[in-house]
Amino acid sequence: MMTLTIWSDFACPYCYIGETRLNRAIEQMGLTDQVVIDYKAYELDPTAPKEVTTTTPERFARKYGLAIEGAKQQIEQISQLGRELGIDFNYVTANYSNTRDAHRLMKLAETRYDRPTTQRLNEALFHAYFVENRVLSDRDVLLSIATGAGLKDTDVMEVLDSQIYDDEVRLDEREAAMRGIRGVPYIVFNGQFAVPGAMSEEGFRMALQREITRQEKDQEQHSDGERPHQCGPEGCIL
């Protein structure tokens, strides 16, 4: 098995693009049942308001020192990368707001639900933001997204009406700071090496193959052609 630890934010276009490319690489290599994804929260702006107070081009222009038209052109270039993957990417009209509650729902899914449900929720949150331009800080919107992905409405409301999993989100972000992560997506392969950024599908295939090769070499070095002697809960190898 291979564990991929991914720090990302649902308001990050390259995270959606990168995770889509990564998932396709995993499928193309026939590794779907051999890869476990551990999702980590990373808010691009933890202080972002819950209300939508500005347009994406306005925020983009202010952040990067661009005119509105220049900002729209940059946003369109990013959107085109998503459209090349078959995603109806509408970044220019995205409604930017706080994403912490969305991350808390991911923690709920990872804690109480299975991997397919967690992956559906992750995809649904990205799709809601970049395709449907829904406000990810809105309680009713999050309830609709989460239940649509297979979570129970009672579980979702329990989280949204409290601060449950807030500490877990903050812990992810403290770990990111300790690792020196300053941008997302940030993907760690089996705790061995990191891929910062949204690589191409080919780039992700190469990274996956690199980890497979490393695991095979480690196994060879430990076995050296001999049958290992081990004991476990089921007993000892004779």
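Rules of the game
Residues numbered from 1 in each chain as written. Predicted model: local features only at pLDDT ≥ 70, side-chain atom pairs only at ≥ 80, totals over all residues. Heavy atoms only, no water. Phe/Tyr/Trp six-rings, centres within 6.5 Å; stacked < 30°, edge-to-face > 60°. Helix = DSSP H or I, 4+ residues; strand = E, 2+ residues; numbered from the N terminus. Buried < 20%, exposed > 50% of the residue type's maximum accessible area, 1.4 Å probe, protein only. Lys NZ or Arg CZ within 6 Å of the ring centre and 35° of its normal. Contact = heavy atoms within 4.5 Å. Polar contact = N/O pair within 3.5 Å; in protein donor to acceptor, adjacent residues only side chain to side chain. Axes fitted to C-alpha atoms, helices over the stretch in contact; angles between N-to-C directions. Parallel < 35°, antiparallel > 145°, perpendicular 65-115°, else oblique. Left-handed = near helix turned anticlockwise from the far one by under 90°. Expected span 1.5 Å × (residues − 1).

Undergrad: I would appreciate a short explanation of the packing of aromatic side chains in the present structure.
TA: What characterises a pair of aromatic rings is the spacing of the ring centres plus the angle enclosed by the ring planes. Evaluation of the coordinates by the stated rule reveals eleven aromatic pairs. Considering the side-chain rings of Phe-10 and Phe-126, the 5.0 Å spacing of their centres and the 65 degrees angle between planes classify their relative orientation as edge-to-face. On the criterion of sequence distance, the pair formed by Phe-10 in the loop between strand 1 (2-8) and helix 1 (13-28) and Phe-126 in helix 5 (residues 115-130) is long-range, its members being 116 residues apart. Grouping residues by exposure puts Phe-10 and Phe-126 together as buried. On the numbers, 5.1 Å between centres and 5 degrees between planes, the contact of Tyr-16 with Phe-126 is stacked. One end of the pair, Tyr-16, is in helix 1; the other, Phe-126, is in helix 5, and 110 residues separate them in sequence. Phe-126 carries the same exposure label as Tyr-16, and that label is buried. Cluster of aromatic residues (ring-pair linked, three or more members): Phe-10, Tyr-16, Phe-60, Tyr-64, Phe-89, Tyr-91, Phe-126, Tyr-129 and Phe-130. Over the ring of Phe-193 we find Arg-210, and its NZ or CZ is 3.9 Å from the ring centre.

Undergrad: Teacher, can you tell me more about helix 6 (residues 139-148) here?
TA: Along an α-helix, residues three or four apart share an orientation, since each turn contains 3.6 residues. Within the sequence span of helix 6, burial applies to Val-141, Leu-142, Leu-143, Ile-145 and Ala-146. Residues of helix 6 that are buried sit in contact with helix 4 (100-112), helix 5 and helix 7 (153-160). For helix 6, the N-terminal capping position is held by Asp-138, with its side-chain oxygen 3.0 Å away from the main-chain nitrogen of Asp-140. Taken from the residues just after helix 6, Gly-150 is the one with a positive phi, measuring 115 degrees.

Undergrad: Any chance you could explain the packing of helix 5 against helix 6 here in plain terms?
TA: In a pair of packed helices, the angle between the axes and the distance between the axes together describe the arrangement. At their nearest, the axes of helix 5 and helix 6 sit 9 Å apart, and the two run at 140 degrees to each other. Between helix 5 and helix 6, the angle is such that the two are oblique. By crossing handedness, the relation of helix 5 to helix 6 is classed as right-handed. Residues Leu-121, Ala-124, Leu-125 and Ala-128 of helix 5 touch helix 6, and the partners they reach there are Leu-142, Ile-145 and Ala-146.

Undergrad: Help me understand helix 5 in this model?
TA: With 16 residues, helix 5 ought to run about 22 Å at 1.5 Å a step, and its terminal C-alpha atoms sit 23 Å apart, in line with that. Tucked inside the fold, the buried residues of helix 5 contact strand 1, helix 1, strand 2 (35-41), helix 2 (56-64), helix 4 and helix 6.

Read these as geometric descriptors, not functional statements.
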